[in-house]
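# An overview of the molecular structure
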Amino acid sequence: MLDFKVNDWQKDWVAFYAQQRIQPQMDMVEKGSGDREALELWSALQLKIPDLFLDLDIVPALLHGDLWGGNVAEDSSGPIIFDPASFYGHSEYELAIAGMFGGFSSTFYSAYHNKIPKAPGFEKRLKLYQLFHYLNHWNHFGSGYRGSSLNIMRNLIK
């Protein structure tokens, strides 16, 4: 379901995320519905995105890319993680969809943040990363995800 039309290596994570993750989703929104409000919000949000990453040293991590409860299981040999949409990116991105559809237990998040502590601005970046998934769902499953997409953009522009 995740649609990564462009997945080229870039030295700059912020540019990669804006240009190769959000922009293609916004292009699909424009083509599919021509939603003027979404396009206006995206124009404003693009200017704010770099501010969410000030003084942050991002070390590329290999990401699953679609890590949510539906892509995790367990058998007698231990945990199984499947259906990846892998790419290299900011480790925080991995948690975006993880909390959107039921999420994982608090033990999961405690263990995660024990290894990778929350950096300042984490909550806003998490919303920015969730934006991709809401837009992707809007494009694949319909306008029921429009409100969530627009709310995230409105809140990040403030």
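Notes on the structure follow. (Residues numbered from 1 in each chain as written. Predicted model: local features only at pLDDT ≥ 70, side-chain atom pairs only at ≥ 80, totals over all residues. Heavy atoms only, no water.)

Its place among the elements puts Arg125 in helix α5 (residues 122–141). What makes Arg125 buried here is its relative accessible area of 1%. Reaching out from Arg125, the side chain makes a polar contact with the backbone oxygen of Leu52 at a distance of 3.0 Å. Once residues lying within four places of it in the same chain are set aside, the contact partners of Arg125 are Leu52, Phe53, Leu56, His90, Glu92, Ala119 and Pro120. (Helix = DSSP H or I, 4+ residues; strand = E, 2+ residues; numbered from the N terminus. Buried < 20%, exposed > 50% of the residue type's maximum accessible area, 1.4 Å probe, protein only. Polar contact = N/O pair within 3.5 Å; in protein donor to acceptor, adjacent residues only side chain to side chain. Contact = heavy atoms within 4.5 Å.)

Let's shift gears to a nonpolar patch on the surface. Together, Trp9, Leu62 and Tyr88 make up a nonpolar patch on the protein surface, roughly 410 Å² of accessible area in all. Among the secondary structure elements, Tyr88 is positioned in strand β4 (residues 87–89). Its relative accessible area of 47% is what places Tyr88 among the partly exposed residues. (Patch = residues over 30% accessible without salt bridge, like charges linked within 9 Å, V, L, I, M, F, W, Y side chains within 5 Å. Areas by Shrake-Rupley, 256 points an atom, 1.4 Å probe, with all protein chains shown as cover. Salt bridge = Lys/Arg side-chain N within 4 Å of Asp/Glu carboxyl O.)

Here Pro79 is to be found in strand β3 (residues 78–81). Exposure remark for Pro79: the relative accessible area of 70% places this residue in the exposed category. Taking the C-alpha atoms as reference, Pro79 lies 33 Å from Lys11; in sequence the two are 68 residues apart. With residues near it in sequence (within four places) discarded, Pro79 still touches Ala73 and Glu74.

It is worth spelling out the packing of aromatic side chains at this point. Tallied over the full model, the rule gives 18 aromatic pairs. Above the ring of Phe87, the side-chain terminus of Arg21 is found at 4.2 Å from the ring centroid. One residue, Arg125, lies across the ring of Phe53, its end atom 6.0 Å from the ring centre. (Phe/Tyr/Trp six-rings, centres within 6.5 Å; stacked < 30°, edge-to-face > 60°. Lys NZ or Arg CZ within 6 Å of the ring centre and 35° of its normal.)

With 12 residues, helix α6 (residues 146–157) extends 17 Å between its outermost C-alpha atoms, agreeing within 8% with the 16 Å of an ideal straight helix rising 1.5 Å per residue. Every buried residue belonging to α6 is among Ser149, Leu150, Ile152, Met153 and Leu156, and all of these are buried. Down the axis of α6, the buried side of the element spans an arc of 155 degrees, and every buried residue falls inside it. Taken together, the buried residues of α6 touch α1 (13–32), α2 (36–48) and α5. (Expected span 1.5 Å × (residues − 1). Arc of directions from axis to C-beta.)

As a further point, take unusual backbone geometry. Even without being glycine, Asp55 reaches a positive phi, approximately 55 degrees. Looking at the secondary structure, you find Asp55 in the loop between α2 and β1 (61–63). Not every positive phi belongs to a glycine, and Asp83 is a case in point at roughly 55 degrees. With respect to the helices, strands and loops of the structure, Asp83 is situated in the loop between β3 and β4. Residue classification places Asp83 among the partly exposed positions, given a relative accessible area of 45%.

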